[in-house]
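Now for the letters of each chain:
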Amino acid sequence: MRKQKIAGKKLLHLLLSSSLFLGCAGAAAAEEAVATGAQDEQVMEAQATSMQEFSMDEYVVTASRMPTKISETAAHVTVIDQAVIEQKSIKSVAEALIDAGVEVYYEGGSVGDTGGIILNGDNRIIVLVNGRKINVEQRLEQNNLGYNLGMLPSVDSIEKIEVVRGAASSMYGGAAVGGVINIITRKGAENKTTAYSEFGSWNSRKYGITTGGSTGEDGKTSYMITAGRWTQDHYEYKDHQTGDVVKMPNSKFERNNASVRIDHDLGKERTLTFYYDHLDEKAGTPIAKPNTIMQSKYGPFDRHDSKAFRKINQDNVALAYSWKQGEDITNNFQIYRNNYQLRWYMAWDIGMGDYYSKSNYTDTEYGVEWNQSRPLGKNNRIVGGFDWKMSDIDDRSAPYPENKLRTLGVYLEDHWNFAPTWTLTGGFRHDDANKYDSENTVRFSLNKEINNRSNAFLSWGQFFRAPNAITFFRGWDPMYLPNPNLKPETGDTFTLGYNTVLPGGTKIQASLFKTEVENALVWEYPDDPITGETTSYLNNIPKQNKRGLDLRINHPLSDTWDVVLGYSYLRVKQDRQNGLGEQYDTTNSNPNYYQAGFNYHQDAWNINLMGRGATGRSQEAFSSKKYWVLDIGVSYQVNQDTKAYAKIFNVTNRAYETTYLWNTVGSQPMSSRQFVFGVETRL
């Protein structure tokens, strides 16, 4: 529901109320500093676990915006640290997430294709970089995912990735329905420069360099700089109908990236951090495999697009400041500017000349975030703050006199240790925007630390998720129609979970979840009354509900072998107002998702074998009811400074898809068998 802009006095009142309630004296510190582990050296050492170790005493920051032991965190938390990334020669965030049991899907087999992440059966998640929300306004091809996996930072710059499953709306806003992923970048430490080169199938070429260290006699200023380039020709896929391995035309791409992080210790536990990242990409967009025939009033046409392309340019910059008041109060403040430019074009001949769809817009976001953590009595600690963002969409084809979306969230959470091993957390958030009515949401969680190796938790949270700026201000074209009458999604999420480490070192994480959504945003695909061509637009449906579970086991077989097992179940039902009531979502690509892996690590050798697959899929949307994929990675430490590695993806050369394109089956094929070889060295 649209509304008039909120008065300036009301904005000021909300900000001042939040500051005064938490005792802020006008100074603040960067959320990023908390998110990047601005804790003492003892905590940082606890985080530096090996690939096989898992400690319930490990500290994470994403779930509560302050360092909290996993055993005291009421959530299913996964930590992917730098040691895992380096040992397995992981070269993308998507690869790291898949290895950790997170569901990642693509619109096709090329890494140049867009994709998404699923947590607790939901792609309504928030992705953070150093605690800063990345561009959530991006409009991405067939899916409205809110981010592009290719736009995430290079793994060369990453210290660790924290994955928190479950609602976190009171802390991060309504988009955090399925969970939160926080990518924490590395601070410079020892003076060190490394480089790598990688070659693979389809003329894939990847190069990267990373340099870091400290400057000055006192070493109080540190830096970390990364740069990389990735190019690839048209990928190949296995056709599910013929069994042939064929080329996907118009799927080549090139991508360049760079990042800079500078930290300066101001003394007296004050830190100033500057962060910048850049990415540019040029890629073909095939839309669907060749001979994907669809109908228009002028006759059949091929949904494959040999002309479509996209050009993306992204520049993000942030400045963060953190300091402490006394021994127990931590303040964090951050300002940032995200800039995302998209040039996208596609066209088909449907019998009446070219039928085209194009985007040409710039999304610029300005944001301010502040939070404070302080004790409240002996057994309570509160965390509160605000996040403000202005999204400015420059789309010259858009028929809107106003193209700005302003959002403000004010939040507060109380962590109450009401008994030695019990923690009750209650959170409240107020959201206000210039296009919607204000909304209040709450969250509660209960955590029981059973012993120093186990905890059980229960959490419930409301959410309020409004359409993003691109949904509002995108210009009209024949393929994607604007819908200015969209309503925000509302609902709640319930999670029950258990984490434990058995005496032999076996780690078990299990959780059940349930999500109920009202006014769920879904895509509709009506036929254009003039051309007869299928168009698309976002629409609200009355209800959507999700049920599921997630189980992951990591068991050390010996000092050199360990095994990883994972299983997740997801059931999605929704009412699309078509007179059929609630129906199962046939586009659910992983109703039953399985993962099994073996890792070998001894001396200079590391070998990783990972199988994954799904069953129970609908053949109304996918070419098969199930799929199974096997990946293998091997690395060898040649000497102290040099490592060589090789990987094979989709070893058994399976034909499968992980996404659905309207009115088609099997049109989004994933890549066939792929080989990769690389060398990393210290310069």
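Under an unreviewed UniProt entry, the name given to the protein is Putative Vitamin B12 transporter BtuB, and the organism recorded is uncultured Sporomusa sp. UniProt lists a comment for the protein under the heading Subcellular location (unreviewed entry), and it reads "Cell outer membrane". In the Sequence similarities (unreviewed entry) part of its UniProt record, the protein is described as follows: "Belongs to the TonB-dependent receptor family."

Undergrad: How do you make sense of the overall build of the protein when you look at a structure like this?
TA: Scanning the protein for helices and strands turns up 7 helices and 38 strands. Within the protein, buried positions represent 57% of all 683 residues. Excluding contacts between residues fewer than 6 apart, the proportion of contacts in the protein whose partners are at least 24 apart in sequence is 65%. Accessible area of the protein: about 27300 Å², with a carbon and sulfur share of 54%.

Undergrad: Sorry if this is basic, but what is going on with the nonpolar core here?
TA: Side chains that are nonpolar tend, in soluble globular proteins, to be buried together. The biggest cluster of nonpolar side chains holds 26 residues, and the ones touching the most others in it are Ile80, Val93, Leu97, Ile117, Ile161, Ile181 and Ile183. Among the elements of the structure, α4 (82–87), α5 (93–99), β6 (125–129), β10 (158–165) and β11 (179–185) are those that each provide at least two residues to this core. A total of 5 residues in this core trace back to one element, the largest contributor, which is α5. Once residues within four sequence positions are removed from consideration, Leu97 is found in contact with Ile80, Val102, Val104, Ile117, Ile161, Val163 and Ile181. Counting 15 residues, the second largest nonpolar core, distinct from the first, contains Ile287, Met294, Phe301 and Ala308.

Undergrad: It is not clear to me how the environment of Gly101 should be interpreted in this structure. Could you clarify?
TA: Secondary-structure assignment places Gly101 in the loop between α5 and β4 (103–106). Here Gly101 falls in the buried class, since its relative accessible area comes to 15%. Put simply, Gly101 and Arg552 are 451 residues apart on the chain and 7.7 Å apart in space, counted from C-alpha to C-alpha. If we ignore the near neighbours within four places in the chain, the residues touching Gly101 are Arg165, Arg552 and Gln595.

Undergrad: Could you clarify how one ought to interpret the pattern of salt bridges in this entry?
TA: On inspection of all chains with the given rule, the structure shows 26 salt bridges. Measuring nitrogen to oxygen at the nearest pair gives 4.0 Å for the salt bridge that ties Lys91 to Asp156. Separated by 65 residues along the polypeptide, Lys91 in the loop between α4 and α5 and Asp156 in the loop between β9 (143–146) and β10 bring together distant segments of the chain. As far as burial versus exposure is concerned, Lys91 and Asp156 are alike and both buried. Asp431 is paired through a salt bridge with Arg429; the nearest N and O atoms lie 3.0 Å apart.

Undergrad: Looking at this structure, how should I read the layout of surface pockets?
TA: Rolling a probe over the atoms, with the probe sized like a water molecule, indicates the empty space that remains. If you add up the space inside the second largest pocket, you get close to 1300 Å³. Every residue lining the second largest pocket is counted, 45 residues in all, and those nearest its centre are Val522, Gln574, Arg576, Asp585 and Thr587. Of all the elements, strand β30 (residues 507–524) adds the most residues to the lining of the second largest pocket, at 4 residues. Considered class by class, the residues forming the lining of the second largest pocket number 17 nonpolar, 18 polar and 10 charged.

Undergrad: Can you walk me through the pairing of strand β32 (residues 561–575) in this structure?
TA: Side-chain direction in a regular strand flips from residue to residue, so the side chains alternate between the two faces of the sheet. Inspection of the sheet shows strand β31 (residues 537–556) paired to β32 by 14 bridges, in the antiparallel sense. The residue of β32 that forms the bridge with Arg552 is Gly566. Here β31 hands over to β32 after 4 residues, the two strands then running antiparallel side by side. Pairing of β32 with strand β34 (residues 592–602), which is carried by 9 bridges, proceeds in the antiparallel orientation. Paired with Asp562 across the two strands is Asn599, which belongs to β34. Here 3 bridges tie β32 to strand β33 (residues 582–584), and the two strands are oriented antiparallel to one another.

Undergrad: Please clarify how the pairing of strand β17 (residues 253–267) should be interpreted in this entry.
TA: Bridge analysis of strand β14 (residues 221–232) against β17 gives 12 bridges, and the strand direction is antiparallel. Pairing of Ser222 across the sheet is with Asp263, part of β17. Where β17 and strand β18 (residues 270–284) come together, 14 bridges link them in antiparallel fashion. Looking at the pairing, Phe253 lines up with Ala283 of β18.

Calculation criteria
Residues numbered from 1 in each chain as written. Predicted model: local features only at pLDDT ≥ 70, side-chain atom pairs only at ≥ 80, totals over all residues. Heavy atoms only, no water. UniProt positions renumbered as here; feature names shortened; annotations may be inferred. Helix = DSSP H or I, 4+ residues; strand = E, 2+ residues; numbered from the N terminus. Buried < 20%, exposed > 50% of the residue type's maximum accessible area, 1.4 Å probe, protein only. Contact = heavy atoms within 4.5 Å. Areas by Shrake-Rupley, 256 points an atom, 1.4 Å probe, with all protein chains shown as cover. Core = buried A, V, L, I, M, F, W, Y, C linked by side-chain atoms within 4.5 Å. Salt bridge = Lys/Arg side-chain N within 4 Å of Asp/Glu carboxyl O. 1 Å grid on protein atoms, 1.4 Å probe; cavity = no way out; pocket = protein on both sides within 12 Å on 5 of 7 lines; lining within 4 Å. Points joined across faces, edges and corners; volume = space filled by probe spheres on them. Nonpolar A, V, L, I, M, F, W, Y, C, P; charged D, E, K, R; others polar. Pairing = 2+ DSSP bridges.

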